[in-house]
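Chain and residue survey
Below are the chains, spelled out letter by letter.
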Amino acid sequence: MSGHSFGGYETAFLMTQNKWFTTGIAGAGFVDLPRQAMSYHKFSYLNYVPDYARIESQQNRMIKSLFENYQGYLDNSPIYHLKKLSKPILLWAGKDDDNIHIDQSRSFFIGMKRLGKKGILLEYANEKHNLRSQENQLDLNVKAWQWMDFYLKSNKPSEWIRPMLE
């Protein structure tokens, strides 16, 4: 399973909810809805709307505000279900992402490490929500291929994956 942005959120969420998938790749997805929603006064320059509008009425469709449905925001946040994660995830994000802050991916990764879950976080310098540099696009493409090769085909792990396995 693989996704970016809202697809990254969906990947992280589904990976914490079931064991259907052998692995996942989640790019620049939000994992903590209350934390994302607390930036109600933050304006998304990518979508030209306040962040609360995106969470309440766009892709997340939370409908009610964080303050009216706090438990719903927790229930729909992958980070609060990390204990149930049983398969490895490759996370990636741009360090300068002003749409979904990199701390969303970092928090998920730190939680994974704290719980002894397998995964890697790739952080791309000078990149925003979408990778623009051809060098970084190629790097992510190759690493995603190698990740899937290892987890889906049982091929030998690439050098950058090996430290996670030790």
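Our structure is the block above this text.
How each quantity is defined
Residues numbered from 1 in each chain as written. Predicted model: local features only at pLDDT ≥ 70, side-chain atom pairs only at ≥ 80, totals over all residues. Heavy atoms only, no water. Buried < 20%, exposed > 50% of the residue type's maximum accessible area, 1.4 Å probe, protein only. Helix = DSSP H or I, 4+ residues; strand = E, 2+ residues; numbered from the N terminus. Pairing = 2+ DSSP bridges. Core = buried A, V, L, I, M, F, W, Y, C linked by side-chain atoms within 4.5 Å. Contact = heavy atoms within 4.5 Å. Salt bridge = Lys/Arg side-chain N within 4 Å of Asp/Glu carboxyl O.

**Examining the pairing of strand S2 (residues 24-27)**
By the alternation rule, side chains of S2 split into Gly24 and Ala26 and Ile25 and Gly27, which are all buried. In the sheet, strand S1 (residues 2-4) pairs with S2 via three bridges, with the strands oriented parallel. Bridging from a neighbouring strand, His4 pairs with Gly27 of S2.

**Some words on the nonpolar core**
Counting 15 residues, the largest nonpolar core has Ile25, Trp92, Leu122 and Trp147 as the members making the most contacts within it. Contributing elements (two or more residues each) for this core: strand S5 (89-94), strand S6 (119-124) and helix H6 (134-153). The leading source of residues in this core is H6, at six residues. Excluding its chain neighbours within four sequence positions, the residues that come into contact with Ile25 are Met1, Ser2, Gly3, Thr11, Leu90, Trp92, Ala144, Trp147 and Met148. One finds Ala12, Ile79, Leu82 and Leu91 within the second-largest nonpolar core, a separate group that totals twelve residues.

**Some details on the pattern of salt bridges**
Inspection of every chain in the model, using the stated rule, returns seven salt bridges. In this structure, Glu123 and Lys95 form a salt bridge, with 3.9 Å as the shortest nitrogen-oxygen distance. On the criterion of sequence distance, the pair formed by Glu123 in strand S6 and Lys95 in the loop between S5 and helix H5 (102-114) is long-range, its members being 28 residues apart. Through salt bridges with shared partners, one network takes in Lys95, Asp103, Arg106 and Glu123.

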